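Close look at the chain arrangement
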Amino acid sequence: MAVRILLADDLSFMRMVQKEILSGRGYDVVGEASDGLEAVEKYRILSPDVVILDITMPNMNGLDAMKKILQIDSDAKIIICSALGQQRLIVEAIKSGVKDFIVKPFKPERMFSAIEKAVKG
Amino acid sequence: MIAGIDEKKLKRAFLDEVEEILEHLDQALLELEKQPDNTELLNEVFRFIHSLKSEAAMLGFTSLSGLAHKIEDVFDKLRNREMSITQVLMDTILSATDQLHEIISVIEKGGRDDDFNVAEIVNLLKSACGETITLEVSKEDVDEPVRKRIEFEKRHEFSCFEKEQLIEAGERKEEFYRLTCRIDDECPMKYARAYLLHNNLEKIVNVVKAIPSMDLEQESDENYATIVFYITASCDEKEIYKAVEIDQVQKAELLKLDLSEYMLPGRKDTEQNGRAGTAALSLKRVERNSIRVGTKKLDELWSLVGELIINKSQLSKIAKIINSLNINPAMSETVEAAVDKLDKITDGIQQAMMETRMVPISVIFNKLPRLVRDLSKKLGKNVKLTITGEETEIDRSIVEQLSEPITHIIRNSLDHGIEFSDVRVAKSKPSEGTITVSASQEGGNIILQISDDGSGFDLKKIEEKALEKGLITNGDTAYDKIVRFIFLPGFSTKDEVTDLSGRGVGMDVVATKIKDELHGDVSLNTDPDKGSTVTITLPLTLTILNAVIIRSRDHLYAIPVNKTEETVEVLNTEIRYDNGRAMYNYRDEEVPVIYLDSLLGKRVSRGEENYGVIIRHGSMKGCLFVDMLVEELDIVIKPIDDILNSKHLFSGISVLGDGSIVYILDTSSILERL
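As a starting point, this report considers the structure included with it. Keep in mind the model is a prediction, meaning the values are calculated, not measured.

So, how was this worked out
- Per chain, residue numbering runs from 1 following the sequence as it is written.
- As they are written, the chains are lettered A onward and the ligands numbered 1 onward, keeping that order.
- Local features in this predicted model are restricted to residues of pLDDT 70 or higher, and side-chain atom pairs are both shown and tallied only at a pLDDT of 80 or more, whereas totals for entire chains, interfaces and linings draw on every residue.
- Strands here mean DSSP runs of E at least two residues long; helices mean DSSP runs of H or I at least four residues long; both are numbered from the N terminus.
- Working definition of burial: number of other C-beta atoms within 10 Å of the residue's own, with buried at 20 or more, exposed at 12 or fewer, and partly exposed in between, all C-beta atoms being placed from the backbone.
- Remark: residues whose backbone-derived C-beta atoms lie within 7 Å of one another are considered to be in contact.
- Being paired, for any two strands, means DSSP has found at least two bridges between them.
- The convention used is that axes are lines fitted to C-alpha atoms, helices contributing only their stretch in contact, and that angles between N-to-C directions extend from 0 to 180 degrees.
- Handedness of a crossover: with both strands directed away from the viewer, a clockwise path from the first strand across the helix to the second marks it as right-handed.
- Ten residues, namely Ala, Val, Leu, Ile, Met, Phe, Trp, Tyr, Cys and Pro, are considered nonpolar, four, namely Asp, Glu, Lys and Arg, are considered charged, and the remaining ones, Gly among them, are considered polar.
- Structurally, a nonpolar core is described as a collection of buried Ala, Val, Leu, Ile, Met, Phe, Trp, Tyr and Cys residues joined by way of C-beta atoms within 7 Å.
- Expected helix span is given by 1.5 Å per residue-to-residue step, counting one fewer step than there are residues.
- The arc in question is traced by the directions running from the helix axis to the C-beta atoms.

This brings us to the overall build of chain A. Each helix and strand in chain A was counted, giving five helices and five strands. Starting at the N terminus, the α and β elements of chain A follow one another as β-α-β-α-β-α-β-α-β-α. Within chain A, buried positions represent 42% of all 121 residues. By sequence separation, contacts in chain A at least 24 residues apart represent 57% of the contacts at least 6 residues apart.

Following this line, the structure appears as structure tokens:
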């Protein structure tokens, strides 16, 4: 069965690109969220295999959303997506239990392997 | 944070070690100022600051480690001869280390180091580097491979704290590995990736050391391309490999090391120690000569020993009673032998416990060179400091309180005692002034002396002041008495700084501290134009007192043996009255007779015959009249409540073996009010 993915990014363009890349590879993007709150809510409803969370989002940022999701499911496989220069935030995310992170701009392969490793781990 | 280690314990260990490092650092820096070209010293300072940085980083004290890092940079430049030490630089470095001290003391009190803004001092350090950087030597002078080698050695050296962890891991029979991971060249944010590795590892192993350190912004991101972890683990090697199976981590190399060789001081070459795939570890147990024990635990133990001593004397009393009943001579003998044995054991415990409380006075003395340096510079005076007897040991609780008075006395000497060079030359003295600080043990006392070869106290002015305050009458100007005024509370206050040429200011505070809180004594010797000496006498310990127990009316009192001269039998006829004052001739010296009754505000009633205890304080003596001399013994001092001590006659109370209460007489205060 295809890996079920939840995408969270406030920029609809970014979500579109990511969805395109993922679907092309055979992943199943089961849901999209435009802010942290929505991501948490959708995680609860959809129970995806992997969540890809952008750090900078309105209402609730990626870090807080990640923490909330981990509260719901401590086994949640979360990949943080960040821009360059957010190293400090990533370290915080690692401390809180994120499985991996990818840095924008990224190559599709990088995203795929991060997902594969997260699913395996 | 290191997995599986109590955070509090970690912090304590950190503080203990950092304080030690800072102390060494301070000394080395002052020495360096004298010998700026001493390469060994430069390296030493570098090592101290480097360990400080790494340990602070390990616990996440970023301001602390950041500042230390900047100082380290400076010393790196210095030892590579890229710049040289200048006065400006030295001053900046010293104020930077001052700030390190401050941060540490805040952390010790439970605060965070983030509250500190180290930016200013960091900038100063940077600009200090910039100003002197013109002296830069061409880098080709240094052999590059050698430098890299030194760099490797330095980074792979284990701190004491890390060694402790290794020892503990050895005790848990864990294996010790070096894990080298290489991160993809094109991987962005290598630090975060390395951090992820570190984080994953910590879930299953104990990461003793990571090189480069995981402290953020300590190293440029590229430095994390290759990262070396020293880990101890009890899990399978496969699991370790799995933990580092992270995207963008190219390869991981696990190498088993011999733990025992790393725990020994002066570790050998790292490369040779790694023996890939060696069989089970043959761990050599390293014998540790000392362990760190919290002072709180020691205090608890100490208070139990106090109780034990009380109980023991109670038991001896009971034994004596049993024996006097003469019920069964054989049994009496057994009881006596058992009590004797117990006596010896408790004595041994008391002695051993006392030693655990003792610390060398160098703890305070080591801070003095810096004080003298800074102050003499500020005042524009040329002063040399000589220290002797810094190995003398003294009770920890006394040491803690001594720093302030000693600092104060030295300040006074520097400020008001030692003259400016030209004045000194005019007086035909050496242009450089000398302050001598010494410590020694004499019997049950510690003697501290702080001398200067300055101008001495202005006795004339002190006398005028005393006359003005009505403390003495004209003609009553004995040297001893005048000198004593300096120590009287409120005699010299701040607004009289100029009146008294400042000298003596705050000496009353010193005296109060030493007499009231430390049960010690302070005296002064001063000679115009030759200098002054302040002598502080302190008991070895504050908690156990060797005392003479006396009875007066229905109460028991204790007099510290170190404050007594002798006990004498006094017949009423031996007392002479001089202007209504009772005097006793003690060894051809007329000493005032002291009646406890009158001190306590009661009517004095006298019997036919009395005993006298000759007490002394400095050069003052008195004959304390008592009904009975009971015994001499060690008592455990407990603080006394002010309600019971409204007249300030006592310095504490104690409970004897039979449960009776004794009041410990404050002989200094009694003699002073005569």
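Now that the structure has been shown, the text picks up again.
Along its length, chain B carries 22 helices and 22 strands. A total of 674 residues make up chain B; the buried ones form 34% of that total.

This part covers the sheet that holds strand β9 (residues 445-452) of chain B. Residue and element names in this part refer to chain B. Judged by pairing direction, the sheet is mixed, and its five strands sit side by side in the order β6-β8-β9-β11-β10 without closing on themselves. In this open sheet, the two strands that pair with only one neighbour each are β6 (383-388) and β10 (521-527). Strand after strand, the sheet turns through a mean of 10° between neighbouring axes, direction not considered. Bridge count between β9 and strand β11 (residues 531-539): eight bridges; the pairing is antiparallel. Paired with D452 across the strands is S532, a residue of β11. Most of the contacts of helix α15 (residues 368-379) go to β6, to which it runs at about 170°, and overall it touches β6 and β8 (433-442). Its contacts with the sheet put helix α16 (residues 396-417) on β6, β8, β9 and β11, and the angle it makes with β9 is roughly 20°.

The subject of this paragraph is the pairing of strand β2 (residues 28-33) of chain A. Residues and elements named next belong to chain A. As paired elements, strand β1 (residues 4-8) and β2 share five bridges and run parallel to each other. Note on β2: the bridge partner recorded for L7 is E32. For the crossover from β1 across helix α1 (residues 12-24) to β2, the handedness is right-handed.

With that settled, the discussion passes to the sheet that holds strand β22 (residues 661-665) of chain B. Residue and element names in this part refer to chain B. The strand order across the open sheet built from five strands is β20-β12-β13-β22-β21, with neighbouring strands paired in mixed fashion. A single partner strand is all that each edge strand has here, and the edge strands are β20 (628-636) and β21 (650-655). Adjacent strand axes in the sheet meet at a mean angle of 35° when their direction is disregarded. Relative to β22, strand β13 (residues 555-560) is paired through three bridges, and the arrangement is parallel. Residue pairing in the sheet places A558 in a bridge with I664 of β22.

Looking now at the environment of R581 of chain B. Turning to its location among the elements, R581 of chain B is positioned in strand β16 (residues 581-586). Each C-alpha atom of the pair R581 of chain B and P592 of chain B lies 7.2 Å from the other, and the pair is 11 residues apart in sequence.

The next thing to look at is the interface of chain A and chain B. When the parts of a complex come together, some accessible area is lost, and that lost area is often taken as the interface size. Contact residues are listed per partner, giving 13 residues for chain A and 10 residues for chain B. Elements represented by at least two residues in the side of chain A that touches chain B include exactly α4 (87-96), β5 (100-104) and α5 (108-120) of chain A. Of all the elements, α4 of chain A adds the most residues to the side of chain A that touches chain B, at six residues. Its residues assigned to classes, the side of chain A that touches chain B comprises seven nonpolar, two polar and four charged.

Ranked by size, the top nonpolar core spans 71 residues in total, and within it A8, V51, L53, I79 and I80 of chain A together with I231 of chain B carry the most contacts. Considering every element that reaches this core, the biggest residue donor is helix α8 (residues 190-204) of chain B, with seven residues. Beyond its immediate sequence surroundings of up to four residues, V51 of chain A is in contact with L6, A8, A39, Y43, I69, A76 and I78 of chain A. Ranked by size, the runner-up nonpolar core spans 38 residues in total, among them I394, V399, V510 and V534 of chain B.

In this section: unusual backbone geometry. Residues and elements named next belong to chain B. The omega torsion of the bond from I211 to P212 falls at 0°, within 30 degrees of zero and hence cis. Tracing the backbone through its elements, the reader meets P212 in the loop between β2 (206-211) and β3 (226-233). One non-glycine residue, M189, adopts positive backbone phi at about 50°. Note that M189 resides in the loop between β1 (175-183) and α8. Its identity as a non-glycine residue notwithstanding, R553 has a phi of 55°, on the positive side. With respect to the helices and strands, the residue R553 is situated in the loop between β12 (544-552) and β13. Here R553 falls in the exposed class, since 11 other C-beta atoms lie within 10 Å of it.

All names here are of chain A. Looking at helix α2 (residues 36-46), one finds that the buried residues are G36, A39, V40, K42 and Y43. Residues of α2 that are buried sit in contact with β1, β2, β3 (50-54) and α3 (62-72). Phi for S47, located one or two positions after α2, is positive at around 40°.

Glancing now at helix α4 (residues 87-108) of chain B. All names here are of chain B. Look at α4: 31 Å from first C-alpha to last across 22 residues, which is about the 32 Å you get at 1.5 Å a residue. Restricting attention to buried positions, one finds in α4 the residues L89, T92, I93, A96, T97, Q99, L100, I103, I104 and I107. Angular distribution of buried residues about the axis of α4 spans 155°; they occupy a single face of the element. Opposite the packed face of α4, turned more than 90 degrees from it, sit the exposed residues Q87, E102 and S105. Looking one or two residues beyond α4, the residue adopting positive phi is G110, at roughly 95°.

The next thing to look at is the environment of M583 of chain B. All names here are of chain B. Structurally, M583 is set in strand β16. Here M583 falls in the partly exposed class, since 17 other C-beta atoms lie within 10 Å of it. Residues M583 and G622, 39 residues apart in the sequence, show an inter-C-alpha distance of 8.9 Å. Every residue in contact with M583, bar those within four places of it in the chain, is listed here: R576, D578, E590, V591, P592 and V593.

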